[in-house]
Amino acid sequence: MANYRDSQKINFSKAEESRFRQLFNDWAKSIKGYNRNRLGDQLKIVEVWDTPIYRGLIKTQYDNRKLENTYERVNGRTFPPRTITSESQINRWTSANYPTTFTSQENRICIKGSQYIDGCHTCHATGKVTCGKCSGSGTIRVACTAKQVCTKCGGRGGVYVTNRELEYYNTSEGLKSRYVDKQKYHSCSACSGKGYIEVPSFREETCPTCKGSGRVTCHTCVGDAHLVRYWELRQSLYYKVNVDYRFPSQVPLDEVPKIIKLFNNNTPWRVMEKLNIDKENFDKNDLASRPIVGSMLSRMPNKIEHLQHTAVCFNILEACECEAKTVVYEVDRKRYSCLLLGSDWELITVTSPVSDHMDDLKDKVNHYCSMHRFGKAWSVLQKVNKFPQAGSKEAYMQERLEERMALMSRLGGNFAIVLCALLIAPLLHTLYESGFYAPWTSWLMDKLDIGVLGMMLLSVVFVMYYSMRYCKRDLPGFAYRVASPLRRFIRGFVTGIGISIYLGALSVILTYVGITVLACKVVWIGITIVAFIIIIIAGLVQNIVS
């Protein structure tokens, strides 16, 4: 076939027209968010063109060969004296056969005559290496605890303290008083009355890996102490394909990538011209002199890539034709076009009402954004991204609007948290003042010198911190399911109130059991340490400056 066939205008038969309309109906139904499921019955066919599409292809088989000096286990084998001692003695191109068909695989071939037995480089021909677990010592240190006599109570577990107390008693002369010495037992606070404390310690144990020897079997030679060394030819077979297409004039350039992707998958092709070109003569072939091949391959390289240690085995130069029809149709007084590829009629919509509908939706999104009605823009953009024609720009815009809408939900939640904290603080102070905590909590407050005000402030900080952290990380889904920023703010506000009430109740429980008192002491110690560090640094800076 010397020249391209010209596009020819044809007519659909009734059966072909019915098939085309049903195919278009199925395509319209497959698009989410598009409500014209019977689009194929509604369109008007204007004209049909027989427009075959052509493909040019260069397929090249490569054979890459690398030599590597490698090794493996001996396994009791013996070898004759080697005859190959250097890489220069090896002809990599005669050591393996060339492929006869297009293939992609890896082969590893041992060069005979290069094998010899040598000492293992890892264990220095001893079969053993230093144990990595114990570093060759044969023992390892294991963490444990040891009991030590409490220095505060001397192992007694507590002390008796004598206190003088005023005692009243009755006499014949009336009620009198006197001081009496009374002893009271106090449990030791350091050891909790046990008389001993547990301190971290270590004990020496025999290493389980090397059984105390400090040496283990070499992982390279597996105890053989020797290895078989030899030259190995690594043959990598692969092929490359360069493709070029020619399309009818009705197909716009922006649709070419979509059609190429389809052609590379499963579209049936009829081979029109096929040439086997030797590797030596390929670069000398004048492709432009061939009527089909020269036109098809005008945008592809005229030379085959030659890499180091790589041979070009053979090439296939192929020109193919795919049956196609271009259909121009009309919907709502607007004209569109589509392609029917192959005998199975693979449908590609070049222009369609769906594209116009999506363009209208995009215009609405831009209009709402210009009016700062981001909730409306977000709702419309959700419809746009359901279409297969939507791109990364629309997805990015929806992501940005989602962030903006989520910000309103979090703002409402944080506002509710601050409001609840202002209302909860007086209630907590009154509750703590009334002594709403366990007896041991009261004892801790006396011992640690913690007041009600400190516990109340720490509880409020706890409620605000964890409530805001929750709102920032994962608000419930219902706070994001509305388009209006105001409604999102209200839903976030309701969520924030619920979280604050829940954490407020939790803080009361923590105070009742005494955890808040201990946390107050830890915070106070931390603030004191930081203040001392700042004072010391300020003094050093003042001395340096002066």
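Residues numbered from 1 in each chain as written. Predicted model: local features only at pLDDT ≥ 70, side-chain atom pairs only at ≥ 80, totals over all residues. Heavy atoms only, no water.

Enquirer: I keep staring at the side chain of arginine 65 and nothing clicks. Help me out?
Expert: Structurally, arginine 65 can be placed in strand 3 (residues 53-73). Its relative accessible area of 0% is what places arginine 65 among the buried residues. A distance of 2.9 Å separates the side chain of arginine 65 from the side chain of aspartate 63, its partner in a polar contact. A polar contact of 3.3 Å, which involves the side chain of arginine 65, links it to the backbone oxygen of tryptophan 93. If we ignore the near neighbours within four places in the chain, the residues touching arginine 65 are Arg92, Trp93, Thr94, Ser95, Ala96, Asn97, Tyr98, Leu233, Arg234, Gln235 and His309. (Helix = DSSP H or I, 4+ residues; strand = E, 2+ residues; numbered from the N terminus. Buried < 20%, exposed > 50% of the residue type's maximum accessible area, 1.4 Å probe, protein only. Polar contact = N/O pair within 3.5 Å; in protein donor to acceptor, adjacent residues only side chain to side chain. Contact = heavy atoms within 4.5 Å.)

Enquirer: In this structure, what is going on with the sheet that holds strand 15 (residues 324-331)? I would like to understand it.
Expert: Reading across from one edge, 1-2-15-16-17 is the order of the five strands in this open sheet, with antiparallel pairing throughout. Because the sheet does not close on itself, it has two edges, and the strands there are strand 1 (8-10) and strand 17 (346-351). Taking the axes of each pair of neighbouring strands and ignoring which way they run, one obtains an average angle of 30 degrees across the sheet. In this structure, strand 16 (residues 334-341) lies alongside strand 17, joined through five bridges in antiparallel fashion. Across the sheet, the residue bridging to leucine 339 is isoleucine 348, located in strand 17. Sheet strands touched by helix 1 (residues 14-29): strand 2 (44-50), strand 15, strand 16 and strand 17. Its angle to strand 17, the strand with the most contacts, is close to 70 degrees. (Pairing = 2+ DSSP bridges. Axes fitted to C-alpha atoms, helices over the stretch in contact; angles between N-to-C directions.)

Enquirer: Is there a simple way to think about the nonpolar core in this case?
Expert: Generally speaking, a soluble globular protein has its nonpolar side chains buried in company with each other. Ranked by size, the top nonpolar core spans 19 residues in total, and within it Phe20, Phe24 and Trp27 carry the most contacts. Put simply, the parts of the chain that give this core at least two residues each are helix 1, strand 15 and strand 16. Beyond its immediate sequence surroundings of up to four residues, phenylalanine 24 is in contact with Leu39, Gly40, Leu43, Tyr329, Cys338, Leu347 and Thr349. (Core = buried A, V, L, I, M, F, W, Y, C linked by side-chain atoms within 4.5 Å.)

Enquirer: I keep staring at helix 8 (residues 439-448) and nothing clicks. Help me out?
Expert: Among the residues making up helix 8, those that are buried are Thr441, Leu444 and Met445. Angular distribution of buried residues about the axis of helix 8 spans 100 degrees; they occupy a single face of the element. What points out from helix 8, more than 90 degrees from its buried face, is the exposed set Pro439, Trp443, Asp446 and Lys447. Following helix 8 by one or two positions, aspartate 449 adopts a phi angle in the positive range, close to 55 degrees. (Arc of directions from axis to C-beta.)

Enquirer: I tried to follow the pattern of salt bridges on my own but got confused; where do I start?
Expert: Where side chains of opposite charge bring their charged atoms close, a pairing between them can arise. Summed over all chains, the structure comprises 15 salt bridges. Between aspartate 63 and arginine 65 there is a salt bridge, and its shortest N-O distance comes to 2.9 Å. Neither residue differs from the other here; aspartate 63 and arginine 65 are each classed as buried. Between glutamate 87 and arginine 92 there is a salt bridge whose closest N-O contact spans 3.2 Å. With a relative accessible area of 11%, arginine 92 lands in the buried category. Bridged by salt links that share partners, the residues Glu68, Glu232 and Arg234 form one connected network. (Salt bridge = Lys/Arg side-chain N within 4 Å of Asp/Glu carboxyl O.)

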